[in-house]
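Here's the letter readout for the chains.
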Amino acid sequence: MAIELLRDIASDGYPTDYLLARVRARRAALTAQWRAIHARGLPAEVTDDAIWEGFLRELGWLRGQMNRRLRTSVDPVFGLFELKTLVLCLRCKAVQRDAEIARLLAASQVSDALRQALLQETDVPAAVASIAVALEPADDAEASLRRAYAQAGLKGFETRLTRSYLGHVNDARLHPLVRRFFASFVDLRNLMTLYKLLRWEMDDAAAFLTGGTIGVERLQRIGAARDAAGLDPMVREIAGRAAPPLATAEGSLETILLGSLSHKVRSLGRQEDPVGTVLDHAWRVYIHARNQSLLLHAGHLDSAGLEKELVA
């Protein structure tokens with residue numbers, strides 16, 4: 001899969017010092033916005049698509065402000081976020097919500113080839129085929145996005161898309177801070193995968209991704225042995241805290257791991273490197289969108305349960 005799934009920006013943005021000052025101001029505004037939403041709730045007309053569209057618009061602003069060198073360093077992370085945009089657009093296409101697709105793509109940074117596939121193709125299978133042509137080598141039959149969609153629908157497509165992208169990123173030359181981000185993200189994904197394998201007593205040795213700080217062989221060994229007790233120490237290694245993941249809901253474990261990743265990304269932002277500051281802001285905006293989506297669907301949770309699911 002080509003890592004260049006984002007559109008090219010011809011302009012060179014602004015001087016980095018000016019950009020970082022603007023990012024700090026927008027970070028403060030984001031904090032104030034969340035406090036207001038947390039206190040008063042979301043407006044009645046808010047939808048999941050609208051939340052993601054707002055996230056994309058902030059990423060588009062951020063990407064457009066950066067100089068070309070900084071943009072090139074951070075683009076792999078922006079590409080990771082845009083994978084969800086592709087999936088959301090395909091879900092909209094499945095129910096013929098063309099206006100929502102157009103709005104999402106107007107805010108998105110995906111390439112022209114992907115944009116055309118999502119706007120011009122008349123149904124999901126055709127759009128998936130065009131996306132596969134844009135992202136996969138012609139001889140990549142085993143990892144085919146089309147095959148994944150044919151076998152398991154959009155869920156299978158999303159899983160294959162994410163695995164292929166993370167595999168390509170793992171083989172790429174990355175800025176050291178971006179490499180650390182992806183290592184932590186892969187750890188989160190692998191631990192969630194292990195939880196599901198243990199919870200549902202499945203066996204899939206190929207389910208784990210390389211590139212994290214926890215070795216794949218260790219994950220495979222615990223999964224094959226159905227060693228539920230072996231998950232807790234790994235969660236503590238990553239999150240730095242005791243957590244009984246198998247005694248909690250899947251969402252609670254994900255919240256613990258997302259909180260840990262947020263802490264690590266904030267530490268990157270405190271380093272004297274603009275890449276860390278940009279990563280920190282992008283991740284904060286992502287968590288802001290994730291928490292809004294949780295509020296949108298949290299009618300079944302009391303206030304204590306909601307606080308446990310929100311990522312700080």
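It should be emphasised that the depicted structure is a prediction, and the values quoted were computed from it without experimental measurement.

Criteria and thresholds
- Residues numbered from 1 in each chain as written.
- Predicted model: local features only at pLDDT ≥ 70, side-chain atom pairs only at ≥ 80, totals over all residues.
- Heavy atoms only, no water.
- Buried < 20%, exposed > 50% of the residue type's maximum accessible area, 1.4 Å probe, protein only.
- Helix = DSSP H or I, 4+ residues; strand = E, 2+ residues; numbered from the N terminus.
- Arc of directions from axis to C-beta.
- Contact = heavy atoms within 4.5 Å.
- Axes fitted to C-alpha atoms, helices over the stretch in contact; angles between N-to-C directions.
- Parallel < 35°, antiparallel > 145°, perpendicular 65-115°, else oblique.
- Left-handed = near helix turned anticlockwise from the far one by under 90°.
- Nonpolar A, V, L, I, M, F, W, Y, C, P; charged D, E, K, R; others polar.
- Polar contact = N/O pair within 3.5 Å; in protein donor to acceptor, adjacent residues only side chain to side chain.
- Phe/Tyr/Trp six-rings, centres within 6.5 Å; stacked < 30°, edge-to-face > 60°.
- Core = buried A, V, L, I, M, F, W, Y, C linked by side-chain atoms within 4.5 Å.

Quick look at helix 9 (residues 216-224)
Next, step 1: Burial in helix 9 covers these residues: Val216, Leu219, Ile222 and Gly223. Viewed end-on, helix 9 has its buried residues packed into an arc of 130°, placing them on one side of the element. Within helix 9, the exposed residues directed more than 90 degrees away from the buried face are Glu217, Arg221 and Ala224.
Next, step 2: Along its buried surface, helix 9 packs onto helix 8 (176-199) and helix 10 (231-239).
Next, step 3: Two residues or fewer after helix 9 comes Arg226, characterised by a positive phi angle close to 55°.

Remarks on the packing of helix 1 (residues 16-40) against helix 2 (residues 48-65)
Next, step 1: Put simply, helix 1 and helix 2 touch, their axes get as near as 10 Å, and they point 160° apart. Comparing their axes, helix 2 and helix 1 come out roughly antiparallel. With respect to the hand of their crossing, helix 1 and helix 2 are arranged in right-handed fashion. For the pair helix 1 and helix 2, contact is made by Leu19, Arg22, Val23 and Arg26 and by Glu58, Trp61, Leu62 and Gln65, respectively.
Next, step 2: Classifying every residue of the contact of helix 1 with helix 2 gives 4 nonpolar, 1 polar and 3 charged.

Notes on the side chain of Asn67
Next, step 1: With respect to the helices and strands, Asn67 occurs in the loop between helix 2 and helix 3 (68-94).
Next, step 2: A polar side-chain atom of Asn67 sits 2.8 Å from the main-chain amide nitrogen of Leu70.

Looking at the packing of aromatic side chains
Next, step 1: According to the stated counting rule, one finds 11 aromatic pairs in the structure shown.
Next, step 2: Between Trp52 and Phe55, the ring centres sit 4.5 Å apart and the planes meet at 45°, which makes this aromatic pair tilted. With a gap of 3 residues between them, Trp52 and Phe55 both fall in helix 2, about one helical turn apart.
Next, step 3: On the basis of relative accessible area, Trp52 is assigned to the buried category, the value being 3%.
Next, step 4: Owing to a relative accessible area of 2%, Phe55 belongs among the buried residues under this scheme.
Next, step 5: Summarising the aromatic geometry, the rings of Phe181 and Phe182 are spaced 5.4 Å apart at their centres and angled 80° between planes, so their arrangement reads as edge-to-face.
Next, step 6: Overall, Phe181 belongs to the buried group, its relative accessible area being 2%.
Next, step 7: The exposure class assigned to Phe182 is buried, which follows from its relative accessible area of 5%.

Here we look at the nonpolar core
Soluble, globular proteins show a tendency: their nonpolar side chains are buried together.
Next, step 1: In terms of nonpolar packing, the biggest core is built from 91 residues, with Phe78, Leu90, Ile131, Phe181, Phe182, Leu191 and Leu279 touching the most fellow members.
Next, step 2: Sequence-distant contacts of Leu279, that is, excluding residues within four places in its chain, are made with Val74, Val77, Leu177, Val178, Phe181, Val265 and Leu268.
Next, step 3: Ile37, Leu294, Leu306 and Leu310 belong to the second largest nonpolar core, which has 7 residues in total.

Considering the environment of Leu70
Next, step 1: Along the polypeptide, Leu70 turns up in helix 3.
Next, step 2: Classification of Leu70 by relative accessible area gives buried; the value is 5%.
Next, step 3: As for Leu70 and Ala126, which are separated by 56 residues in sequence, their C-alpha atoms are 35 Å apart.
Next, step 4: Beyond its immediate sequence surroundings of up to four residues, Leu70 is in contact with Leu19, Pro274, Val275 and Val278.

Read these as geometric descriptors, not functional statements.
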